[in-house]
Amino acid sequence: MTSKQLEASVDYLHSKGFAEPEIGIVLGSGLGRMADEITDPRVAHYHNIPNFPLATVEFHSGKLLYGMLGGKKAVVMQGRFHLYEGYDLTEVTYPIRVMHQLGIKKLLISNAAGALNPQYRKGQLMLIDDHINLQGGSPLAFKNVSEFGERFADMSRPYDSAMSETLAALAVEFKIDLHRGVYVSMTGPQLETRAEYRMLRMLGADAVGMSTVPEVIVANHLKLPVVAVSVLTDECDPDHLEPVRVAEILAVAARAEPNLVKLFLGLIARI
Ligand code: HPA
């Protein structure tokens, strides 16, 4: 990756009217409707943005939106890139670097995840407090990484505590169930076996998914404050495991989505 590439992406977005966003948002699978809250959005399709990763066949609808959201200028990723689609970790996280270069000061991330903690129920939300990277690589493992930030990025507190506390307070205020826990990232795309769920729970994880961690690592590399929420779409109980249905995961995500939207809009208004 080079800064010239980033510049070309940013120049294109500037030409499309993406001017000085304060907030960046990543919307997870089945969680795209928050973008409807933007009045008169500017739209840039990923396949039109210079140097954006090339879309795979099943992933052609991704776009970046820009406009006023919760009273602030925001840029929203509707659809993200995953390791399991064949992108490498620098490609997966390229949009985070682009949003940072556009000028965002805070990053809000969402995802759909499986609940490992036996007290969690599907349809509930979990604020990510910390994470375990099991994707077998790092988005910072490239030759010229030090041009963009410190190679040995500090990860002692990867999630911004001020934004996390505000989000937790909003959940109480809105009477929304919000757990706080550890997210573990897997490469996927296959779901986990019962033995793997047992292992992940023993490792200390409360939720499992296939995204977010690389994005958070890059946000920390850029010293960009980040907050992340998982929508729990299924219960990963190794002793009573049902075959997973992706349609069901997306349906649960859609049902829980209004709570996520409320929390994110409330947070944006207060930061
Ligand atoms: N694993 C298990 N269940 C899930 C996942 C996952 O990666 N994502 C959403 N539900």
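Note that the coordinates shown come from a computational prediction; the quantities given were computed from them, not determined experimentally. (Residues numbered from 1 in each chain as written. Predicted model: local features only at pLDDT ≥ 70, side-chain atom pairs only at ≥ 80, totals over all residues. Heavy atoms only, no water.)

**Q** Any chance you could explain the overall build of the protein here in plain terms?
**A** Scanning the protein for helices and strands turns up seven helices and nine strands. C-alpha atoms of the protein, sized along the principal axes, occupy 55 × 40 × 35 Å. A buried classification covers 53% of the 271 residues belonging to the protein. In the protein, of all internal contacts separated by at least 6 residues, the share reaching a separation of at least 24 is 83%. Accessible surface computed for the protein: about 12200 Å², of which carbon and sulfur atoms make up 52%. Here the protein contributes 26 positive and 31 negative side-chain charges, whose respective centroids are spaced 3 Å apart. (Helix = DSSP H or I, 4+ residues; strand = E, 2+ residues; numbered from the N terminus. Buried < 20%, exposed > 50% of the residue type's maximum accessible area, 1.4 Å probe, protein only. Contact = heavy atoms within 4.5 Å. Areas by Shrake-Rupley, 256 points an atom, 1.4 Å probe, with all protein chains shown as cover. Lys, Arg positive; Asp, Glu negative; His and termini not counted. Charge placed at Lys NZ, Arg CZ, Asp CG, Glu CD.)

**Q** Would you take a moment to explain helix 6 (residues 213-221) for this structure?
**A** Residues three or four positions apart in an α-helix share a direction because the helix packs 3.6 residues into each turn. For helix 6, the tally of buried residues reaches nine of nine residues, placing the bulk of the element in the interior. Inspection of helix 6 places Val213, Pro214, Glu215, Val216, Ile217, Val218, Ala219, Asn220 and His221 among the buried residues, and these make up the whole buried set. The positive-phi residue at the C-terminal boundary of helix 6 is lysine 223, with phi of around 55°.

**Q** Sorry if this is basic, but what is going on with the side chain of histidine 82 here?
**A** In this fold, histidine 82 is placed in the loop between strand 4 (72-78) and helix 2 (89-92). Residue classification places histidine 82 among the buried residues on the basis of a relative accessible area of 8%. Setting aside residues up to four positions removed in sequence, histidine 82 forms contacts with Ser29, Tyr87, Val92, Met210 and Ser211.

**Q** In this structure, what is going on with the environment of glutamate 192? I would like to understand it.
**A** Turning to its location among the elements, glutamate 192 is positioned in the loop between strand 7 (178-185) and helix 5 (194-203). In this structure glutamate 192 comes out as buried when scored by relative accessible area, which is 10%. Measuring from C-alpha to C-alpha, the distance between glutamate 192 and cysteine 236 comes to 8.8 Å, with 44 residues separating the pair along the chain. Setting aside its immediate chain neighbours within four residues, glutamate 192 contacts Met186, Tyr197, Leu200, Val208 and Leu241.

**Q** Before we go on, may I ask you to explain the pattern of salt bridges in this structure?
**A** Opposite charge on two side chains permits pairing when their charged atoms draw close. Throughout the structure, instances matching the rule amount to 10 salt bridges. The shortest N-O distance in the salt bridge between arginine 80 and glutamate 215 comes to 2.7 Å. Remark: glutamate 215 occurs in helix 6 and arginine 80 occurs in the loop between strand 4 and helix 2; sequence separation between them is 135 residues. In terms of burial, arginine 80 and glutamate 215 fall into one category: buried. What emerges from the salt-bridge pattern is a single network uniting Lys122, Arg245 and Glu248. (Salt bridge = Lys/Arg side-chain N within 4 Å of Asp/Glu carboxyl O.)

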